[in-house]
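Now for the letters of each chain:
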Amino acid sequence: MDLFEYMRASSLEKESPLAARLRPVTLDEVAGQQHIIGKDKLLYRAIRADKLSSLIFYGPPGTGKTTLARVIANTTSAEFTQINATVAGKKDMEEVVKKAGDTLGMYGKRTILFIDEIHRFNKGQQDYLLPFVEDGTIILIGATTENPYFEVNGALLSRSVIFELKPLEKADIRKLLDRAVNDRDKGMGAYDAVLEEEAGEFLADMAEGDARQALNAIELGIMTTDRSADGKIHITLEVAKECIQKRSVRYDKSGDNHYDTVSAFIKSMRGSDPDAAVYYLARMLYAGESVTFIARRIMICAAEDVGLADPQALSVAVSASLAAERVGMPEAQIILSEAALYVACAPKSNACVAAIGEASKAVEETGNLKIPVHLQDAHYKGAAKLGRGKGYLYAHDYPDHYVEQQYLPYELSGREFYSPSGCGYEVKIKEHMNRIKAKGNKKA
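Residues numbered from 1 in each chain as written. Predicted model: local features only at pLDDT ≥ 70, side-chain atom pairs only at ≥ 80, totals over all residues. Heavy atoms only, no water.

To continue, consider the environment of Ala344. Tracing the backbone through its elements, the reader meets Ala344 in helix H18 (residues 332-345). Residues Ala344 and Phe265 lie 79 residues apart in sequence; the distance between their C-alpha atoms is 9.9 Å. Ignoring any residue separated from it by four or fewer positions in sequence, one finds Ala344 in contact with Met269, Ser272, Asp273, Pro274 and Ala277. (Helix = DSSP H or I, 4+ residues; strand = E, 2+ residues; numbered from the N terminus. Contact = heavy atoms within 4.5 Å.)

The following block contains the structure:
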């Protein structure tokens, strides 16, 4: 490193954001994640012993994925190289692999390659790394906010150990905030600031487990707040509220949180819990989810999980979808809430799902069975002369508008696909069907 590079590195270290300056350098300094770096856990032992295999760190932003990679860099005897998948290309990887091969050949030292945002690499870029991970030229550490089982090649996953990082606990965030305010070497201690208790609790709560967001907020508060009469910078609750004006909600429309929240929303409606249903609806709307997407989920649930136990549920859901699209936000949230609550409170039956499922299975198994002649169309040209429709009994000519005759293909005679449940309106459906079939009306 020449003088200019040294000066540039020193300047960056001083001017970098608080979250970067406070990044831990040892395992004991890492906040949270005790489920993977507790002293009896595999990752803790592997880092301490400098016996690492390829790893994938997976979790929300601000939970310490890059921090753990930096800790490994500070403790390992291997060469450590870092690239970011958002800007790195194949040429960058080729240079890393060549250098890693030379280092292994000349010095017998392995190279740890840390790839931040590894999910940004396409399949070809990920495939390029595979043989070098396989033969030990590099030890791969990937960090991703996306589900690695969706975004990382299966071949790389099978050669890596996946560690899921959790959002930090509120107590962990609170400790980080105190350190940020008081640390004179890496934090904001030189500013002589005071973080009031209410403000600290508020920031720790609003950060939703994201350490970076909490540290960014306290840095902003200290840098923009005037000193009080006592010469100190007081971070009050009012100041804290200005620094984080909206709670952080982890909700990527193509990621895990999206699918988990939608799943919880649907299962709450299906499970007849209106309070949970409207809560998850609010979370999706708060995060900016599409009104159209939410309306589709409600319509599907109305058909799939309510069905004919309450035939009005689908009508309510469809009407809500049309109204929400025409009205738009914020009023659309009321419309969607009404539909979601209706579906959640409605009696439930999946008999319609079972019916179409069993009927589809019969079609797949039996193929194109002949339709009974008396049900065939007699109106198209020449059909009547061929006997089409002959013998058909018109149901409205009989009591209760019902008459016994063969409707299914003869090969499926006696098969039942729809079995009304004992819930809601299907009770009346079952009673009605049993009543008219019991009479077995014959032609008058």
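There's plenty left to go through after this.
Ranked by internal contacts, the top residues of the largest apolar core, which has 32 residues, are Leu177, Leu195, Leu203, Ile218, Ile222 and Ile235. When residues of this core are assigned to their parent elements, the largest contribution, six residues, is made by helix H12 (residues 211-224). Among residues more than four places away in sequence, those in contact with Leu203 are Leu177, Leu195, Ala217, Ile218, Ala240 and Ile244. Counting 28 residues, the second-largest nonpolar core is a separate cluster that includes Phe265, Ile266, Ala332 and Ala339. (Core = buried A, V, L, I, M, F, W, Y, C linked by side-chain atoms within 4.5 Å. Buried < 20%, exposed > 50% of the residue type's maximum accessible area, 1.4 Å probe, protein only.)

Now for a nonpolar patch on the surface. On the surface, a cluster of nonpolar side chains totalling about 420 Å² of accessible area is made up of Tyr149, Phe150 and Tyr259. You can see Phe150 is positioned in helix H8 (residues 148-151). With a relative accessible area of 58%, Phe150 lands in the exposed category. (Patch = residues over 30% accessible without salt bridge, like charges linked within 9 Å, V, L, I, M, F, W, Y side chains within 5 Å. Areas by Shrake-Rupley, 256 points an atom, 1.4 Å probe, with all protein chains shown as cover. Salt bridge = Lys/Arg side-chain N within 4 Å of Asp/Glu carboxyl O.)

Attention now moves to the side chain of Gln406. In this structure, Gln406 sits in the loop between helix H19 (351-366) and helix H20 (426-439). Polar contacts involving the side chain of Gln406 include one to the main-chain carbonyl oxygen of Leu408, which spans 2.9 Å. Apart from the residues lying within four places of it in its own chain, the contact partners of Gln406 are Pro372, His374, Leu375 and Ser413. (Polar contact = N/O pair within 3.5 Å; in protein donor to acceptor, adjacent residues only side chain to side chain.)

Interhelical geometry of helix H10 (residues 170-182) versus helix H11 (residues 197-206) gives an angle of 125 degrees and a closest axis separation of 9 Å. Accordingly, the angle class assigned to the pair H10 and H11 is oblique. Both H10 and H11 take part in a crossing whose hand is right-handed. Counting all contacts with H10, which are made through Lys170, Ile173, Arg174 and Leu177, the residues of H11 involved are Glu197, Gly200, Glu201, Leu203, Ala204 and Asp205. (Axes fitted to C-alpha atoms, helices over the stretch in contact; angles between N-to-C directions. Parallel < 35°, antiparallel > 145°, perpendicular 65-115°, else oblique. Left-handed = near helix turned anticlockwise from the far one by under 90°.)

Once that is clear, we can look at the side chain of Thr66. Mapped onto the fold, Thr66 is located in helix H5 (residues 65-75). Within the structure, the side chain of Thr66 is placed 3.5 Å from the side chain of Asp116, a separation counted as a polar contact. Not counting residues within four places of it along the chain, the set of residues in contact with Thr66 comprises Arg23, Phe114 and Asp116.

Taking 1.5 Å per residue, 14 residues should reach 20 Å; H20 reaches 20 Å between its end C-alpha atoms and fits that length. Along H20, the residues that are buried comprise Glu426, Ile429 and Ile436. Angularly, the buried residues of H20 cover 100 degrees about the axis, an arc narrow enough to put them on a single face. For H20, the exposed residues lying more than 90 degrees away from the buried face are Lys428, Glu431 and Ala438. Considering only its buried residues, H20 is in contact with H19. (Expected span 1.5 Å × (residues − 1). Arc of directions from axis to C-beta.)

What links the strands of a sheet is backbone hydrogen bonding, and the strands pair in either a parallel or an antiparallel sense. With respect to topology, five strands assemble into an open sheet ordered E2-E3-E4-E1-E5, the strand pairing being parallel. This sheet does not close on itself; its edge strands, each paired only once, are strand E2 (79-84) and strand E5 (161-164). Across this sheet, the average inter-strand angle for adjacent strands is 15 degrees, counted without regard to direction. Each of strand E1 (55-58), E2, strand E3 (111-116) and strand E4 (138-144) touches H5; the most contacted strand, E1, lies at about 145 degrees to it. (Pairing = 2+ DSSP bridges.)

Here helix H16 (residues 291-306) spans 21 Å end to end across 16 residues, near enough to the 22 Å set by a 1.5 Å rise per residue. Every buried residue of H16 is listed here: Val291, Phe293, Ile294, Ala295, Ile298, Cys301, Ala302, Asp305 and Val306. The opening residue of H16, the one whose side-chain oxygen lies 3.2 Å from the backbone nitrogen of Thr292, is Ser290. Just downstream of H16 lies Gly307, where phi reads positive at about 60 degrees.

Looking now at the packing of aromatic side chains. Going through the model one piece at a time under the given rule, you end up with four aromatic pairs. When the ring of Phe57 is compared with that of Phe163, the centres are 6.3 Å apart and the planes differ by 50 degrees; the resulting orientation is tilted. Highlighted residues: Phe57 in strand E1 and Phe163 in strand E5, separated in sequence by 106 residues. Its relative accessible area of 9% is what places Phe163 among the buried residues. (Phe/Tyr/Trp six-rings, centres within 6.5 Å; stacked < 30°, edge-to-face > 60°.)

We now examine the pairing of E1. Burial along E1 is two-sided: the residues Leu55 and Phe57 and Ile56 and Tyr58 are all buried. One ladder, built from four bridges, connects E1 with E4; its direction is parallel. The partner of Phe57 across the bridge, within E4, is Ala143. Bridging between E1 and E5 involves four bridges; their strand directions are parallel. Within the sheet, the bridge partner assigned to Ile56 lies in E5 and is Ile162.

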